[in-house]
Amino acid sequence: MADGPVILLTGASRGMGAEIARWLAKAGTRLTLVARSADSLEKIAEEIRRLGGEGLPFSADIAGQTGCNEAVRETLDRFGRLDALINNAGLLGPLARVADANPDAWRYNIEVNLLGPFFLTHAALPHLRAAHGRVINISSGAAVKSVQGWSAYCTAKAGLTHFTRILAEEEPDVVSVAIRPGVVNTRMQEMIREEGPGAMSEDKVDYFQTLKSENKLEPANVPARAAAWLALHAPQEMSGEFVDYDDARIAEPAAAVFGDTLESVDQ
Ligand code: NAP
């Protein structure tokens, strides 16, 4: 039975979140796995158990405060403590210029990418303070680069990154870090290739399509390992930073702690 640190991870049903969960399972952590897709979460939780961790699937839309509060409460009920919160769930769309964007879709993007992390942090803070824990926010290069057609996403990620800095100033007992994961081979990139043309500039669409065709997208397990390491080990002096996934201060110790492969301990 896993008895390691307790971590609440959003966006755990696929992509980078599922890979973060796998690395953390290897370290014997106990995880609350949050996303909307209940069936996928059940499968990931089973995998987590085989890898040496414990997974509590919790299906919720993080756009809503009630679901976020319940995710924190369920974590406390099940595990009795909370050592880290990883705000990884994210949504790219609507892919549309500002003039064409559907306001409801724009609002939902901000709710998922920015308000959800706020609701979860707000509910988790008393427990994170008690544990001298960590908040790891999965941001994006889009926080600092403007991309035509991504107005909601860029705005939300810029907000999330700045939120991290403010949290670091306000909460000296909690380490808060935002991470930029690179361009990662997940469903989000599929969406860019499928829905980008028409909304994004041709240059940008070409850029992302070429990364895929030349096999240059980052495999999700690589930035995931950096995020997993941050959740367990990010030092106090890093609090408030917006770090790159391949920053040597993170990538090197992450490789040393987790190794290169995910081997199950209990197949
Ligand atoms: P992905 O494969 O699309 O995964 C997104 C995850 O977020 C899924 O588990 C999804 O689960 C969950 N999610 C989405 N909306 C949600 C909601 N309303 N409530 C709860 N969960 C929700 O994308 P990814 O690339 O792994 O993205 C992970 C993070 O990395 C995101 O924050 C993204 O912005 C960031 N990022 C990605 C890239 C990239 O190139 N891929 C680059 C920079 C940053 P359900 O659908 O089951 O809810």
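Structure: see above.
Everything in this summary refers to the structure shown in the same document. What you see is a predicted model; the values in this text were computed from it and never measured.

In total, this model carries 6 aromatic pairs according to the counting rule given. Pairing Phe 118 with Phe 163 gives two aromatic rings, centres 6.4 Å apart and planes at 75 degrees, and the pair type is edge-to-face. With a gap of 45 residues between them, Phe 118 in helix H4 (residues 103–131) and Phe 163 in helix H5 (residues 151–170) connect regions that are remote in the sequence. Residue Phe 118 is classed as partly exposed on the basis of its relative accessible area, which comes to 36%.

With respect to spatial proximity, 30 residues lie near the ligand, and among them Arg 36, Ser 37, Asn 88, Tyr 153 and Thr 186 are the closest. Val 184 places a polar main-chain atom, nitrogen or oxygen, 2.8 Å from an oxygen atom of the ligand. Within the complex, 97% of the 890 Å² of free accessible area of the ligand lies under protein. When residues of the shell around the ligand are traced back to their parent elements, those giving at least two are helix H1 (15–26), H4, H5 and helix H6 (187–195). Top element by residues in the shell around the ligand is H6. It accounts for 3 residues. Counted by class, the shell around the ligand contains 14 nonpolar, 11 polar and 5 charged residues.

What follows deals with the nonpolar core. Within soluble globular proteins, side chains that are nonpolar generally end up buried alongside one another. Among the nonpolar cores identified, the biggest contains 42 residues, and Ile 20, Leu 33, Ile 86 and Leu 230 are the most heavily contacted of them. At 8 residues, the largest contribution of residues to this core is made by helix H8 (residues 221–233). If sequence neighbours within four positions are ignored, Ile 86 has contacts with Ile 7, Leu 8, Leu 9, Thr 10, Ile 20, Leu 24, Ile 136, Ile 138 and Ala 231. Formed by 28 residues, the second largest nonpolar core is a distinct cluster that contains Leu 8, Leu 82, Ala 89 and Leu 125.

Attention shifts here to the sheet that holds strand E5 (residues 134–138). Read across the sheet, 7 strands follow the order E3-E2-E1-E4-E5-E6-E7 without closing on themselves; strand pairing throughout is parallel. Unpaired on one side and paired on the other, strand E3 (54–59) and strand E7 (242–244) mark the two borders of the sheet. The sheet shows a mean angle of 20 degrees between the axes of neighbouring strands, direction not considered. Note that strand E1 (residues 6–10) and strand E2 (residues 30–35) share 5 bridges and pair parallel.

It is worth spelling out unusual backbone geometry at this point. Put simply, Gly 93 and Pro 94 share a cis peptide bond, and its omega is 10 degrees. Positive phi values are uncommon outside glycine, yet His 132 reaches one of about 50 degrees. Accessibility expressed as a relative area gives 53% for His 132, which makes it exposed. The residue Asn 215 is not glycine, and still its phi comes out positive at about 60 degrees. Along the chain, the position of Asn 215 falls in the loop between helix H7 (202–213) and H8. Given the relative accessible area of 71%, Asn 215 is considered exposed.

Definitions and cut-offs
Residues numbered from 1 in each chain as written. Predicted model: local features only at pLDDT ≥ 70, side-chain atom pairs only at ≥ 80, totals over all residues. Heavy atoms only, no water. Phe/Tyr/Trp six-rings, centres within 6.5 Å; stacked < 30°, edge-to-face > 60°. Helix = DSSP H or I, 4+ residues; strand = E, 2+ residues; numbered from the N terminus. Buried < 20%, exposed > 50% of the residue type's maximum accessible area, 1.4 Å probe, protein only. Near = heavy atom within 4 Å. Polar contact = N/O pair within 3.5 Å; in protein donor to acceptor, adjacent residues only side chain to side chain. Areas by Shrake-Rupley, 256 points an atom, 1.4 Å probe, with all protein chains shown as cover. Nonpolar A, V, L, I, M, F, W, Y, C, P; charged D, E, K, R; others polar. Core = buried A, V, L, I, M, F, W, Y, C linked by side-chain atoms within 4.5 Å. Contact = heavy atoms within 4.5 Å. Pairing = 2+ DSSP bridges. Axes fitted to C-alpha atoms, helices over the stretch in contact; angles between N-to-C directions.

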